[in-house]
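Each chain, letter by letter, is given below.
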Amino acid sequence: MNGLSALIRRELALAWGGGGGPLLGLTFFATITTLLPLAIGAEPSRLAAIATGAAWVALALSTLLSLERLFERDYEDGALDLLAIGPAPLEAVCFVKCLAQWIATGLPLAIAAPIGALALNAPSELAPMIFVTALIGGLGFSFTGGIGAALSLGSRRGGVLVAVIVLPLFVFPIIFGAGAIEAYASHLMGWKSGLAFLGAYSLTFTAIGPFFMAAACRNAIS
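Now for a look at the structure at hand. Because the structure is predicted, anything quoted here is derived from the model rather than measured. (Residues numbered from 1 in each chain as written. Predicted model: local features only at pLDDT ≥ 70, side-chain atom pairs only at ≥ 80, totals over all residues. Heavy atoms only, no water.)

Remarks on the overall build of the chain
Applicable threshold: Secondary structure elements are taken from DSSP: a helix is a run of H or I of four residues or more, a strand is a run of E of two residues or more, and numbering for both begins at the N terminus. With a 1.4 Å probe rolled over the protein chains alone, any residue whose accessible area is under 20% of its type maximum counts as buried; one over 50% counts as exposed, and the rest are partly exposed. Two residues qualify as a contact provided that any one of their heavy atoms is within 4.5 Å of a heavy atom in the partner residue. Methods summary: accessible areas were calculated by the Shrake-Rupley approach with a probe of 1.4 Å, and residue burial reflects only the protein chains presented. By the counting scheme adopted, Arg and Lys are positive, Glu and Asp are negative, and His together with the chain ends is not counted. Just so you know, the charge point we use is NZ for Lys, CZ for Arg, CG for Asp and CD for Glu.
When you go through the chain residue by residue, the secondary structure sums to 9 helices and 0 strands. In the chain, the succession of helices and strands from N to C terminus is α-α-α-α-α-α-α-α-α. Within the chain, the proportion of its 222 residues that are buried is 45%. Partitioning the contacts of the chain with sequence separation of at least 6, the portion at a separation of at least 24 is 81%. A total of about 10,400 Å² of accessible surface is found on the chain, and carbon and sulfur atoms cover 71% of it. A distance of 2 Å separates the average location of the 10 positive side-chain charges in the chain from that of its 11 negative side-chain charges.

Considerations on the packing of helix H6 (residues 90-119) against helix H7 (residues 127-151)
How two helices sit against one another is set out by the angle between their axes and by the gap between those axes. Operational definition: Note on method: axes are straight lines fitted to C-alpha atoms, helices fitted across the in-contact stretch only, with angles between N-to-C directions ranging 0 to 180 degrees. Helix crossings fall into two classes, left-handed where the near helix is turned counterclockwise from the far one by less than a right angle and right-handed where it is turned clockwise. Residues were grouped as follows: Ala, Val, Leu, Ile, Met, Phe, Trp, Tyr, Cys and Pro as nonpolar; Asp, Glu, Lys and Arg as charged; and all remaining residues, including Gly, as polar.
Interaxial distance between H6 and H7 falls to 8 Å at its minimum, and their mutual angle equals 145 degrees. Handedness of the crossing formed by H6 with H7: right-handed. Packed against H6, whose contacting residues are Phe 95, Cys 98, Leu 99, Gln 101, Trp 102, Leu 107, Ala 110, Ile 111, Ala 113, Pro 114, Ala 117 and Leu 118, the element H7 presents Ala 127, Ile 130, Phe 131, Ala 134, Leu 135, Gly 138, Leu 139, Ser 142, Phe 143 and Gly 146 at the interface. Its residues assigned to classes, the contact of H6 with H7 comprises 18 nonpolar, 4 polar and no charged.

Thoughts on unusual backbone geometry
Although it is not a glycine, Asn 121 sits at a positive phi angle of roughly 75 degrees. Examined against the element boundaries, Asn 121 turns out to sit in the loop between H6 and H7. According to the relative accessible area criterion, Asn 121 is partly exposed, its value standing at 37%.

Examining the environment of Thr 206
Examined against the element boundaries, Thr 206 turns out to sit in helix H9 (residues 190-221). Its relative accessible area of 14% is what places Thr 206 among the buried residues. C-alpha separation for the pair Thr 206 and Phe 141, spaced 65 residues apart in sequence, amounts to 9.6 Å. Thr 206 has contacts with Phe 95, Leu 139 and Phe 143, leaving out every residue within four places of it along the chain.

Some thoughts on the side chain of Ser 202
Stated precisely, the cut-off is as follows: Definition of a polar contact: a pair of N or O atoms within 3.5 Å, with one able to donate and the other able to accept a hydrogen when the atoms are protein atoms, and with sequence-neighbouring residues admitted only if both atoms are side-chain atoms.
Relative to the elements of secondary structure, Ser 202 occurs in helix H9. Polar side-chain contacts of Ser 202 include one of 3.4 Å to the backbone nitrogen of Gly 140.

Some details on H9
As a reminder of what qualifies: The span expected for a helix works out to 1.5 Å for each residue beyond the first. Across the chain, bend at a residue is computed as the angle between axes fitted to the seven residues ending at that point and the seven starting from it.
The terminal C-alpha atoms of H9 lie 46 Å apart, and with 32 residues this matches the ideal 46 Å at 1.5 Å per residue to within 8%. Considering bend angle alone, the principal kink of H9 is centred on Ile 208 and spans about 40 degrees; proline Pro 210 follows within four residues of it.

With respect to a nonpolar patch on the surface
The condition that has to hold: Every patch collects residues that have over 30% relative accessible area and no salt bridge, joining them within 9 Å if they carry like charges and within 5 Å if they are nonpolar side chains (Val, Leu, Ile, Met, Phe, Trp, Tyr). When a carboxyl oxygen of Asp or Glu is within 4 Å of a side-chain nitrogen of Lys or Arg, the pair counts as a salt bridge.
Among the surface-exposed residues, Leu 24, Phe 28, Val 57, Leu 61, Leu 65 and Leu 167 lie close enough to one another that they form a single nonpolar patch of about 440 Å² accessible area. Mapped by element, the contributors of at least two residues to the nonpolar patch are helix H2 (21-40) and helix H3 (44-64). Among the structural elements, Val 57 can be located in helix H3.

Here's the deal with the packing of aromatic side chains
The line we're drawing: Between 30 and 60 degrees the pair is tilted, below 30 it is stacked and above 60 it is edge-to-face, where a pair is any two Phe, Tyr or Trp rings, Trp via its six-membered ring, whose centres lie within 6.5 Å.
Following the criterion strictly, the structure yields 6 aromatic pairs and no others. Members of the aromatic cluster, connected to one another through ring pairs, are Trp 56, Phe 141 and Phe 170.

Points about the nonpolar core
Definition in use: Among buried residues, the Ala, Val, Leu, Ile, Met, Phe, Trp, Tyr and Cys ones that are joined through side-chain atoms within 4.5 Å form a nonpolar core.
Ranked by internal contacts, the top residues of the largest apolar core, which has 55 residues, are Trp 56, Phe 71, Phe 170, Met 213 and Cys 217. Among the elements of the structure, helix H1 (2-18), H3, helix H4 (69-77), H6, H7, helix H8 (158-185) and H9 are those that each provide at least two residues to this core. In terms of residue count, the dominant contributor to this core is H6 (11 residues). Setting aside anything within four residues of it in sequence, one finds Phe 170 in contact with Ala 60, Leu 64, Leu 67, Phe 141, Thr 144, Gly 145 and Tyr 201.

Focus on the environment of Leu 188
Examined against the element boundaries, Leu 188 turns out to sit in the loop between H8 and H9. By relative accessible area, Leu 188 is classed as partly exposed at 48%. With 134 residues separating them in the primary sequence, Leu 188 and Ala 54 have C-alpha atoms 21 Å apart.

Remarks on the packing of H3 against H6
Threshold: Roughly parallel here means an angle under 35 degrees, roughly antiparallel means over 145, roughly perpendicular means 65 to 115, and every remaining angle is called oblique.
Direction vectors running N to C along H3 and H6 enclose 155 degrees, while the axes themselves pass 10 Å from each other. Overall, the two elements H3 and H6 adopt an arrangement that is roughly antiparallel. Between H3 and H6 the crossing geometry is right-handed. Residue-level contacts link Ala 51, Ala 55, Leu 59, Ser 62 and Thr 63 of H3 to Gln 101, Leu 109, Ala 110, Ala 113 and Ala 117 of H6. Residues that form the contact of H3 with H6 fall into these classes: 7 nonpolar, 3 polar and no charged.

Honestly, it's all geometry; don't read function into it.
As structure tokens, this is what we get:
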């Protein structure tokens, strides 16, 4: 347990100090939400119609920026070999790394998601729902993205490969999350089903993702 707590502190320190991952993701998120009105027009009604969906797409794309180096940095300097033969199972190490990624990047983006949606003229009463769905969906993004990051180890174009692997899987939480918000805004009971599906997606990948990541990491270092 002490080893895993030290690992999560290390991952958080690397995320905040080594690569500026949260700041990069937040900057990219802000850029998307700023450029969107310039592309489709600044009419409030038009922006309000796409605000929640656009915020979710921006959230998914911003998460991608921090995924490439999730395992690559340790793979290049040999730290991944040491983690693989350490006392903690590699599955637990992968879980901790993704959890730290979610804390360092997913949580700030979840806080930014309502702000971005409100900037696109989304109703203010949707802000808590947007935050909750972004927080749950961000967890799924982190563990789904971890699978792509592990599978791309050793690739010359790891960032492109990660995007190719995980973007199709990101479609489901975007649909569930944006759908739940739209149903909530329309005062439909279906928002609970959307939120339940989103939670199920995130919990499923949180449970099975570390096993796929560990297998991919072992294959890369063998």
